[in-house]
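Fold and contact review
Listed below, chain by chain, are the residues.
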Amino acid sequence: MISLERLFLFECGCSTAPNGQVFSRKMSAYHRRTEVFLMTTRIVQVTDLHLMADPLAELKGVCTRTNLHSVLDILRRDFGSAERLIVTGDLAHDELRETYEVLRELFGDWLPKLRLLPGNHENRDDMRHVFSDRVTAVEDRNVFTDLIGGWRLIGLDSQLPGEVRGNLGEFQRDWLARELEVEPLRPTAVFLHHPPLKVGTGWLDEIGLEDSERLLELLRRSPQVKFVCCGHIHHEMTITQANVLLLTTPSTSVQFLPETDRLVPDSVPPGFRIFDLEPDGSFRTRVVRVPIVTRTHP
Ligand SMILES: [Fe+2]
């Protein structure tokens, strides 16, 4: 079956995602109908699931399995038409293969739309084994690049095994540079676990991305990158610095109070992030908070 993306490019005779203005001048009525059909692409990001094989296990007083059930219930009820579900790390807090198998079961009908990245709490090999059809390996890293709705979505692997802080490494940064050079006019979003900018909470900034300056240099000379989206800090932020827009997203599990000198759990509900992407590179985003429904058998 020809995907909508393929159909869109084929009908317009383009090899790259076109600028919306040029597009509307050149298209026939039929093409305009096609464009309207593809006007908005909705994607969902969830992060920091911290799932454990024990269904009753808690992290800082939060049953991460119960929380994830509640999040997935809302996703299926209200956002089931989203085209992608991007998970930006800390999937398995206990780093057990069994936990990834549970997670695969829980995602269920989302699997074809799923894109996964590792966080610092991860077993990269087990993640790759259980989600072998959902993960792409570049050298030893689990990454993805995905074309949808006129956009390129790129996922980076910032895990530094045995460490809480992150690192991309030269090989992966070179891979990213090549990905960005392929279609420099196509609107692009970059996802990774560790934020590449300071978030203003000292203890979290100490466990950020080690080679962030090298990544930022690359992003600043790639204006097609419209935003960078991360997890790791377990709370929502929007930061703009020198033409780089960073969005962070609440965890589906425990929340961290910002601007503290140590980890302090916050009482706000868990959440996830919705993006509505337009073919011209504009987008809208918001965080959705989820009330937790306690289950007798999580
Ligand atoms: Fe986390």
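About the cut-offs
Residues numbered from 1 in each chain as written. Predicted model: local features only at pLDDT ≥ 70, side-chain atom pairs only at ≥ 80, totals over all residues. Helix = DSSP H or I, 4+ residues; strand = E, 2+ residues; numbered from the N terminus. Contact = placed C-beta atoms within 7 Å. Core = buried A, V, L, I, M, F, W, Y, C linked by C-beta atoms within 7 Å. Buried ≥ 20, exposed ≤ 12 C-beta atoms within 10 Å, placed from the backbone. Pairing = 2+ DSSP bridges. Axes fitted to C-alpha atoms, helices over the stretch in contact; angles between N-to-C directions.

Observations regarding the environment of Lys226
Mapped onto the elements, Lys226 comes out in strand β10 (residues 225-230). With sequence-adjacent residues up to four places away left out, Lys226 is seen in contact with Pro187, Thr188, Ala189, Gly281 and Phe283.

Some thoughts on the nonpolar core
Grouped together as the largest cluster of nonpolar side chains are 49 residues, with contacts concentrated most on Leu91, Leu156, Val190 and Phe191. A total of four residues in this core trace back to one element, the largest contributor, which is β10. Setting aside anything within four residues of it in sequence, one finds Leu156 in contact with Leu117, Val143, Leu168, Gln172, Leu176, Val190 and Leu192.

Some details on the sheet that holds strand β8 (residues 151-155)
Strand order in the open sheet made by the seven strands is β6-β7-β8-β9-β10-β12-β11, with mixed pairing throughout. At either end of the open sheet lies a strand with only one pairing partner, and these are β6 (136-138) and β11 (237-241). Sheet twist, expressed as the average angle between the axes of neighbouring strands with direction ignored, equals 25 degrees. Pairing geometry for β10 and strand β12 (residues 244-248), over three bridges, is parallel. Along β12, the bridge assignment pairs Cys229 with Leu247.

Some words on the sheet that holds strand β15 (residues 271-277)
As summarised here, the arrangement of the five strands in space is β5-β4-β1-β15-β16, forming an open sheet in which the pairing is mixed. Strands with a single pairing partner mark the edges of an open sheet, and in this sheet they are β5 (114-117) and β16 (283-289). Each strand of the sheet is rotated relative to its neighbour by a mean of 20 degrees, with strand direction disregarded. Where strand β1 (residues 41-46) meets strand β4 (residues 84-88), four bridges bridge the pair, whose relative direction is parallel. Bridge pairing in β4 links Val44 to Leu85.

Observations regarding the pairing of β10
Of the pairings in the sheet, the one linking strand β9 (residues 188-191) to β10 comprises four bridges and is parallel in character. Within the sheet, the bridge partner assigned to Ala189 lies in β10 and is Phe227.

Re the environment of Asp205
Structurally, the position occupied by Asp205 is in helix α8 (residues 202-205). Remark: the alpha-carbon pair of Asp205 and Arg165, spanning 40 residues in sequence, is separated by 9.0 Å. Residues within four places of Asp205 in sequence aside, it is in contact with Lys198 and Val199.

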